[in-house]
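Results of the structural survey
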Amino acid sequence: MDNYTTTFRKDMDVFYEKTKAFYNGEINKTQYKGISGGFGSYAERDGKASMLRLRLPGGCITKDTLAFIADQAEKHQIDTMKLTTCETIQLHHLTPDVLVDVSSAVLDFGIICRGGGGDFPRNVTASPLSGVQKGEYFDVMPYALAASDYMLSFINTQKLPRKLKVAFSNGPENIPHATFRDLGFTANEDGTFDVYCAGGLGNNPKFGVRVAEHIPAEDVLYYINAMVHLFAENGNYENRGRARSRYLQDTLGIDGLIEKFNEKLSIAKQDSSLTLSITPMPVTKTGNGSIEDERIIAQKQDGLFAVCYHPIGGILRPENLRAISDTIQSMDDVELRIAPFETIYIINLTADEARKVLAATQGGASTPLEYSVACIGASICQQGVRDSQALLRSCIDAAKASNLPANAFPQIHISGCPSSCGTHQTGLIGFHGGVKMIDKVAHPAFTLHVNGCDVQGQECMGTQLGVILQDDIPAFLVEIAKAAADAQMEFTQWFAQNRETFETIVQKYLK
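Report follows, based on the coordinates. Keep in mind the model is a prediction, meaning the values are calculated, not measured. (Residues numbered from 1 in each chain as written. Predicted model: local features only at pLDDT ≥ 70, side-chain atom pairs only at ≥ 80, totals over all residues. Heavy atoms only, no water.)

Some words on the overall build of the protein chain
If you tally the helices and strands in the protein chain, you get 14 helices and 20 strands. Relative to the 2.2 N^0.38 estimate, which gives 24 Å for 511 residues, the radius of gyration of the protein chain is 22 Å and therefore close to what a compact globule would have. Reported as C-alpha extents along the three principal axes, the dimensions of the protein chain are approximately 65 × 65 × 50 Å. Relative to its 511 residues, the protein chain shows a buried fraction of 58%. Long-range contacts, defined here as pairs at least 24 residues apart, represent 67% of the contacts in the protein chain between residues at least 6 apart. For the protein chain, the accessible surface area stands at approximately 20900 Å², while carbon and sulfur atoms represent 47% of it. Charge separation in the protein chain, taken as the distance between the mean sites of 47 positive and 59 negative side-chain charges, equals 7 Å. (Helix = DSSP H or I, 4+ residues; strand = E, 2+ residues; numbered from the N terminus. Rg over C-alpha atoms; globule rule 2.2 N^0.38 Å. Buried < 20%, exposed > 50% of the residue type's maximum accessible area, 1.4 Å probe, protein only. Contact = heavy atoms within 4.5 Å. Areas by Shrake-Rupley, 256 points an atom, 1.4 Å probe, with all protein chains shown as cover. Lys, Arg positive; Asp, Glu negative; His and termini not counted. Charge placed at Lys NZ, Arg CZ, Asp CG, Glu CD.)

A word on the pairing of strand 7 (residues 166-169)
Side-chain alternation along strand 7 places Val166 and Phe168 on one buried face and Ala167 and Ser169 on a second face that is also buried. Bridge count for strand 6 (residues 125-126) against strand 7 is two bridges, and the pairing is parallel. Each bridged residue has a counterpart across the sheet, and for Thr125 the counterpart in strand 7 is Ala167. Viewed along the sheet, the connection from strand 6 through helix 6 (residues 141-152) into strand 7 turns out left-handed. Pairing between strand 7 and strand 8 (residues 183-187): four bridges, direction parallel. Across the sheet, Ala167 pairs through a bridge with Gly184, a residue of strand 8. (Pairing = 2+ DSSP bridges. Right-handed = clockwise from strand over helix to strand, strands pointing away.)

Things to note about the pattern of salt bridges
It is possible for side chains of opposite charge to pair when their charged atoms get near one another. Following the criterion strictly, the structure yields 21 salt bridges and no others. Between Asp119 and Arg240 there is a salt bridge; the shortest N-O distance is 3.1 Å. Of the two residues, Asp119 is situated in the loop between helix 5 (96-109) and strand 6 and Arg240 in the loop between helix 7 (220-234) and helix 8 (248-268); the sequence distance between them amounts to 121 residues. Across the salt bridge formed by Glu233 and Lys264, the nearest N and O atoms sit 2.5 Å from each other. Of this pair, Glu233 sits in helix 7 while Lys264 sits in helix 8, and the two are 31 residues apart along the sequence. Given a relative accessible area of 15%, Lys264 falls into the buried group. If you follow the salt bridges from partner to partner, you end up with Asp71, Glu74, Arg322 and Asp326 in one network. (Salt bridge = Lys/Arg side-chain N within 4 Å of Asp/Glu carboxyl O.)

Looking at the sheet that holds strand 2 (residues 50-54)
As summarised here, the arrangement of the five strands in space is 1-2-5-4-13, forming an open sheet in which the pairing is antiparallel. Among the strands making up the open sheet, the edge pair consists of strand 1 (41-43) and strand 13 (315-316). Direction of pairing for strand 4 (residues 81-83) relative to strand 13: antiparallel, over a ladder of two bridges. Its bridge partner lying in strand 13, Lys82 is registered against Ile315.

Some words on the side chain of Ser103
Looking at the secondary structure, you find Ser103 in helix 5. Only 2.8 Å separates the side chain of Ser103 from the backbone oxygen of Leu99, close enough to count as a polar contact. Among the polar contacts listed, one links the side chain of Ser103 to the backbone oxygen of Val100, at a separation of 3.1 Å. If sequence neighbours within four positions are ignored, Ser103 has contacts with Met12, Phe15, Tyr16 and Leu52. (Polar contact = N/O pair within 3.5 Å; in protein donor to acceptor, adjacent residues only side chain to side chain.)

Quick word on the sheet that holds strand 12 (residues 305-309)
Note on sheets: strands pair through backbone hydrogen bonds, and any given pair is parallel or antiparallel. Within the open sheet, the five strands sit side by side as 3-14-15-12-11. Their pairing is antiparallel. The sheet is open, and its two borders are formed by strand 3 (60-61) and strand 11 (296-298), each paired with just one other strand. In this sheet, strand 15 (residues 344-349) lies alongside strand 12 in antiparallel orientation, the contact comprising four bridges. Residue pairing for strand 15: Cys308 is matched across the bridge by Tyr345. Against the sheet, helix 10 (residues 351-360) contacts strand 11, strand 12 and strand 15, and its axis sits at roughly 155° relative to strand 15. (Axes fitted to C-alpha atoms, helices over the stretch in contact; angles between N-to-C directions.)

Concerning unusual backbone geometry
Not every positive phi belongs to a glycine, and Asp439 is a case in point at roughly 50°. Tracing the chain through its elements places Asp439 in the loop between strand 18 (429-438) and strand 19 (441-450). Since its relative accessible area comes to 72%, Asp439 is described here as exposed.

A short note on the nonpolar core
Residues Leu54, Met81, Ile89, Ile328 and Ile346 are the most contacted members of the largest nonpolar core, which totals 58 residues. Among residues more than four places away in sequence, those in contact with Ile89 are Leu52, Arg53, Leu54, Leu56, Ile61, Ile69, Met81, Lys82, Leu83, Leu316 and Ile338. Formed by 47 residues, the second largest nonpolar core is a distinct cluster that contains Val124, Ala126, Cys197 and Ile224. (Core = buried A, V, L, I, M, F, W, Y, C linked by side-chain atoms within 4.5 Å.)

Next comes the structure, spelled out in structure tokens:
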């Protein structure tokens, strides 16, 4: 990482210069976005502050990294941090001076933000409990970290049409959505990977095309190299709306895509330096005792546990980070993992340590609805259309006021626009923000998606049922929860058995 720190330090003067120019009014927001995105930063909607996206490969955060982020948040009075569905943390409301100071400090520390936005390889994601999860096929995290390191090596040398997302899944749960990323590796029980490419969410979402089966795990860099060159050679550089890799399925056809991928793979395999040599680093820590709690997950290592913490809306505050950091600093081998559904797992805890971490992480989600996924929303995001966070809060308030059983409400996925930062197509219930014209008047609204699924082999994009006004969504959720409660069922069970009733209720709210 030191080499990359030195390399990317040379680029930072451009970022600082353009940041100063933007906030002095010398360049506009669009011009600035085209530059700042490549440094993991975008101006926020009000044009007075910026966000900074930290690149955290595999969603891994060590104790030292956590303490550093907490220190920066306190030093600069950063009041809002956001967990993302790409397993990163975004720092929000950074004034120009703070943005420059923090971006410099994180780079010196070894956190790379280069390529955190813009037309670059993005943060590599992985199954968050990889290496500690019971029933996993094998630990994919070392391969995700190696892939991330490799992708940093060509950020300054390879021009791509748009961003490139790579994911590694350790089993059929497919938590990082490896079967519908730009490039995804799904583990097999025999220690190999299947490979999927040219998938993605957003407008016109597509599942990836399986281009290889049962490849040796040490070959993953060959496939990344092939995908990069396939995308660079065949991607659309003229129309950004069709520049994502999933459109290669349309322009090349499935057979043509596979053929061209294999051509690039043959070339890549001529470079033997891309063969990986991974030394397994199993968890050696031991524990004893037992602990039971809804937020406790027993690891595959006997006597060790993970604590689940889901800050509502994925919004972290400085005091949240400090409480966790102070609690775990004296604990051996403990680290954090960010999940693609905006949850943090604190792993490798003994039973006694888990009790302390549970106490330090009070105040997070405790109901299915509170575990919902929501992007940062239009109050902050310059691309956003609707305020996802405000909608989630209003839905939670309505659920509490209803006095209905918590498990009668669904977990929902909310994106403030069609860009899918809230992965709305993958949830049982999802929404993406928009506008509904009624009598020539624009009303805040969301499109409803239902019955999405991300489990490997059962993947399904949610079906769009229509548009609901934003103000009507809490009442809609209360009504379907009441139907589930009347049937004495939790929501997922009721939904599976009562689709006709569900759709009858939906029709009352569609505009």
